[in-house]
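Observations on the three-dimensional arrangement
Residue strings, one per chain:
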Amino acid sequence: MYNDAFAPTLVLVGADSLGRGRRATHPVFLTEFAAVLAARGMLERDAIGSSRLGFVPLDTLVRFDSPTLAELLPHFLKPSQNQSGEIYLRTLGRVVGGAARADSGIAVVMRRLAQWGVATDAVVLSDGSGLSRHNYVSAEAIAQVLTVMSRDSLATLYRESLPVAGVDGTLERRLRRTPATGRLWAKTGSLNRVRALSGYATT
């Protein structure tokens, strides 16, 4: 936004968290801003379509493609990153369900669980992080999901994205110097007075 009534004010806004595009269209600002980024090594000149920054009106400075879910999964599961869980649920809702909302993502998850044979009354979801006290999942439902994933083509990727007992993630300091060390891949779940653990162990 360029404000001629007062001292020049420029506001650059990119895509929001829901992927809706926002543009800054003042050409002088965009070319100058791109030049500053390029000078500091933060922007490749080719990324904006031309090496002649001062001669091309711009409305897109740079495009960033997210790493794949396969690459992101360990960064989500091993430290139990709650914010990522919320974002992924809404992303799932947007990409598959058509709306970037928790309820849309939950509907997608519930449909998949039903396809995997999980009873509809075995799972009640309220959020993507698992922090809500209104989430209810039976042990049988969790075991069913783990069984399905163990037979999937991505089984190894999924298992190795989980924390490892006594080694890393939320299990780094748990089960050390026990037979489970390095042999248990599991997801932790923690609330006040509640501790849950589910995953895979080798004998």
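Residues numbered from 1 in each chain as written. Predicted model: local features only at pLDDT ≥ 70, side-chain atom pairs only at ≥ 80, totals over all residues. Heavy atoms only, no water.

Quick notes on the overall build of the protein chain
In terms of helices and strands, the protein chain carries 6 helices and 4 strands. Sequence-distant contacts in the protein chain: of pairs separated by 6 or more residues, those separated by 24 or more amount to 33%. Split by element, the accessible area of the protein chain, about 13600 Å² in all, is 55% carbon and sulfur. (Helix = DSSP H or I, 4+ residues; strand = E, 2+ residues; numbered from the N terminus. Contact = heavy atoms within 4.5 Å. Areas by Shrake-Rupley, 256 points an atom, 1.4 Å probe, with all protein chains shown as cover.)

Some thoughts on the packing of aromatic side chains
With the rule as written, the count across this model stands at 1 aromatic pair. An angle of 90° between the planes, with centres 5.2 Å apart, marks the rings of Phe76 and Tyr88 as edge-to-face. Taken together, the positions of Phe76 in helix 2 (residues 69–77) and Tyr88 in helix 3 (residues 82–97) put the pair 12 residues apart, joining distant regions of the chain. Residue classification places Tyr88 among the partly exposed positions, given a relative accessible area of 24%. Above the face of the Trp185 ring, Arg159 is positioned so that its terminal group lies 4.6 Å from the ring centre. (Phe/Tyr/Trp six-rings, centres within 6.5 Å; stacked < 30°, edge-to-face > 60°. Buried < 20%, exposed > 50% of the residue type's maximum accessible area, 1.4 Å probe, protein only. Lys NZ or Arg CZ within 6 Å of the ring centre and 35° of its normal.)

Description of the nonpolar core
One finds Leu73, Phe76, Leu77, Leu146, Met149, Leu162, Val164, Trp185 and Tyr200 forming the largest nonpolar core, which totals 9 residues. Secondary-structure elements contributing two or more residues to this core are helix 2 and helix 5 (139–150). In terms of residue count, the dominant contributor to this core is helix 2 (3 residues). In contact with Leu77, other than residues within four places in its own chain, are Tyr158, Ser161, Leu162, Pro163 and Lys187. (Core = buried A, V, L, I, M, F, W, Y, C linked by side-chain atoms within 4.5 Å.)

Quick look at the packing of helix 3 against helix 4 (residues 102–115)
Axis separation between helix 3 and helix 4 bottoms out at 7 Å; the angle between their running directions is 75°. As the angle between them shows, helix 3 and helix 4 are arranged roughly perpendicular. Of helix 4, the residues touching helix 3 (which contributes Leu89, Arg90, Leu92, Gly93, Val96 and Gly97) are Ala102, Ser104, Gly105, Ile106, Val108, Val109 and Arg111. Looking at the contact of helix 3 with helix 4, its residues break down into 7 nonpolar, 4 polar and 2 charged. (Axes fitted to C-alpha atoms, helices over the stretch in contact; angles between N-to-C directions. Parallel < 35°, antiparallel > 145°, perpendicular 65-115°, else oblique. Nonpolar A, V, L, I, M, F, W, Y, C, P; charged D, E, K, R; others polar.)

Focus on a nonpolar patch on the surface
On the surface, Leu92, Val95 and Val96 cluster together into a nonpolar patch covering about 260 Å² of accessible area. Along the chain, the position of Val96 falls in helix 3. (Patch = residues over 30% accessible without salt bridge, like charges linked within 9 Å, V, L, I, M, F, W, Y side chains within 5 Å. Salt bridge = Lys/Arg side-chain N within 4 Å of Asp/Glu carboxyl O.)

Regarding the packing of helix 2 against helix 3
Across the interface, helix 2 lies against helix 3 with an axial gap of 10 Å and an inter-helix angle of 145°. For the pair helix 2 and helix 3, contact is made by Leu69, Leu72 and Phe76 and by Ser84, Gly85 and Tyr88, respectively. The residue makeup of the contact of helix 2 with helix 3, split by class, is 4 nonpolar, 2 polar and no charged.

Looking at the pattern of salt bridges
Applying the stated criterion to the full structure yields 3 salt bridges. A salt bridge links Glu86 to Arg90; its shortest N-O distance comes to 2.9 Å. Placement of both Glu86 and Arg90 in helix 3 is noted, with a separation of 4 residues, approximately one turn of the helix. Among the salt bridges present, the one from Arg101 reaches Asp103, with a minimum N-O distance of 3.0 Å. Since its relative accessible area comes to 46%, Asp103 is described here as partly exposed.

Some remarks on the confidence of the model for the protein chain
With 75% of its residues at a pLDDT of at least 70, the protein chain reaches an overall mean of 82. Low pLDDT, under 50, characterises residues 13–23; the predicted model gives this stretch 13 contacts beyond four residues in sequence or across chains. (pLDDT = per-residue confidence, 0-100.)

Looking at unusual backbone geometry
Of all residues except glycine, most have a negative phi; of all peptide bonds, most are trans. Positive phi is not limited to glycine here, since Ser80 has a value of about 55°. Structurally, Ser80 can be placed in the loop between helix 2 and helix 3. One non-glycine residue with positive phi stands out, namely Leu175, at about 60°. The residue Leu175 is located in the loop between helix 6 (155–160) and strand 3 (184–191) in this model.

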